[in-house]
Amino acid sequence: MLWKTVLLLALVDQVLVLENGLLRKPPMGWLAWERFRCNIDCDEDPKNCISEQLFMEMADRLAQDGWRDLGYTYLNIDDCWIGGRDANGHLVPDPKRFPNGIAFLADYAHSLGLQLGIYEDLGNFTCMGYPGTTLDKVVQDAQTFAEWKVDMLKLDGCFSTPEEQAKGYPMMAAALNATGRPIAFSCSWPAYEGGLPPKVNYSLLADTCNLWRNYDDIQDSWSSVLSILDWFVDNQDILQPVAGPGHWNDPDMLLIGNFGLSFEQAQAQMALWTVLAAPLFMSTDLRTISAQNMDILQNPLMIKINQDPLGIQGRRILKNKFSIEVFLRPLAGDACALVFFSRRTDMPYRFHSSLAQLNFSSSSLYEAQDVYTGSVISGLQAKTNFTVIINPSGVVMWYLYPIGKPEAPQP
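Residues numbered from 1 in each chain as written. Predicted model: local features only at pLDDT ≥ 70, side-chain atom pairs only at ≥ 80, totals over all residues. Heavy atoms only, no water.

Regarding unusual backbone geometry
For the bond from P197 to P198, the omega torsion is 5 degrees, close enough to zero to count as cis. By the secondary structure assignment, P198 is in the loop between β7 (184-187) and α8 (202-208). Positive phi values are uncommon outside glycine, yet K149 reaches one of about 65 degrees. Its location among the elements puts K149 in the loop between α6 (138-147) and β6 (152-156). For S393, which is not a glycine, the phi torsion comes out positive at approximately 50 degrees. Within the secondary structure, S393 is located in the loop between β17 (385-390) and β18 (395-404). (Helix = DSSP H or I, 4+ residues; strand = E, 2+ residues; numbered from the N terminus.)

Given below as structure tokens:
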């Protein structure tokens, strides 16, 4: 084992950036934290505690209920899995809650066509007080994760200094790369530095991490969704250009299926996260999720837009005095996604516009498919007036695509 560590240390010195070729599209899957937090009471709450059983049951649901086949392939463990370190300093899972170990869970996930993600923290402790990955443990822990056949690492930043983060995150990226196993790297680094330059160097970040948390943790409420959205919009000139294939801004998990969002708000979060080219990590109980919420999360056209190969993050392009906002994301094939979003709290609003008013100048003829209803609006030109009816705290989302040039008038 010693020679492996020495070899890895030598390789880490040479490999300064990630260059792992992973996550060319935003990752999709399931993450434990928002819904199940740090529930470790398996005596009183065995069905919902952070345990091997929970992750196996979620893996079963991902594989059997259509999620995997739509692209939701990551099964991600978050905090509170660690039991400690063994006599050689290796991380070990809690023996009562994960009796068969993490490698067993990885094998189980892989047998179902899924990928396993795991969590650690670049500091003395994780955010919930479990053993962290200090700088002297980075290479050893990277090798442990590779030996367990883990597919993604989320590295948090609690209990670490800015100096330790500046050294540790690139060090972990290089250590993961040096293992030879493809392990996607999710960083919380910018969230601990305010998310913005000059403290955050997004060029360095894109060379270090596959995705990164920029801002606050999401909570199960509409106000939390709006606070994250507002921060992303306020800083879109900085954030939008740095996202792309292999390196994504992460506004945090999807709340859909939990307790804090109405139906309209659930549809809105899905549409807005998609237009932001965000990772789609569900954090809900897939054993009990309603058919209505499954329909939102399993919408094939929504997923196609989220996974668009260009990987361009969208932007807000309009905000009017009536609390209506419009977001646009460019897509392959000269198509785009448009999200008409209402912050109103009174009644459905009739929004009148045209593509020209949204800065479309092409002479093309367009069709728009409503992503949620499936209805198609044909014959749209730049100057064609249209009306969309948007419910309070809801969205209308279009997949807009050119279908040719208008026919010239007959002489």
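So, next bit.
Here's the deal with empty space enclosed by the protein
For the structure shown, the criterion picks out one cavity of 30 Å³ or more. Of the voids in this model, the largest cavity is the one considered here, and its volume is about 120 Å³. Residue lining of the largest cavity: 14 residues in total, with L31, K154, S186, D250 and F281 positioned closest to the centre. For the lining of the largest cavity, the secondary structure elements donating two or more residues are β5 (115-121) and β6. (1 Å grid on protein atoms, 1.4 Å probe; cavity = no way out; pocket = protein on both sides within 12 Å on 5 of 7 lines; lining within 4 Å. Points joined across faces, edges and corners; volume = space filled by probe spheres on them.)

Topic: the state of the cysteines
One pass over the full model with this rule turns up four disulfides. With a sulfur-sulfur separation of 1.9 Å, C38 is cross-linked through a disulfide to C80. The sign of the -115 degrees torsion about the S-S bond sets the C38-C80 disulfide as left-handed. Residue C38 is found in the loop between α2 (33-36) and α3 (52-64), and its partner C80 is found in the loop between β2 (74-76) and β3 (82-85); the two are separated by 42 residues along the sequence. Judged by its relative accessible area of 21%, C38 is partly exposed. Here C187 is linked by a disulfide to C209, with a sulfur-sulfur distance of 2.0 Å. On the sign convention where negative is left-handed, the bridge of C187 and C209, at about -95 degrees about the S-S bond, is left-handed. On the criterion of sequence distance, the pair formed by C187 in strand β7 and C209 in the loop between α8 and β8 (211-213) is long-range, its members being 22 residues apart. Assigned by exposure class, C187 and C209 land together as buried. (Disulfide = S-S within 2.5 Å. Buried < 20%, exposed > 50% of the residue type's maximum accessible area, 1.4 Å probe, protein only.)

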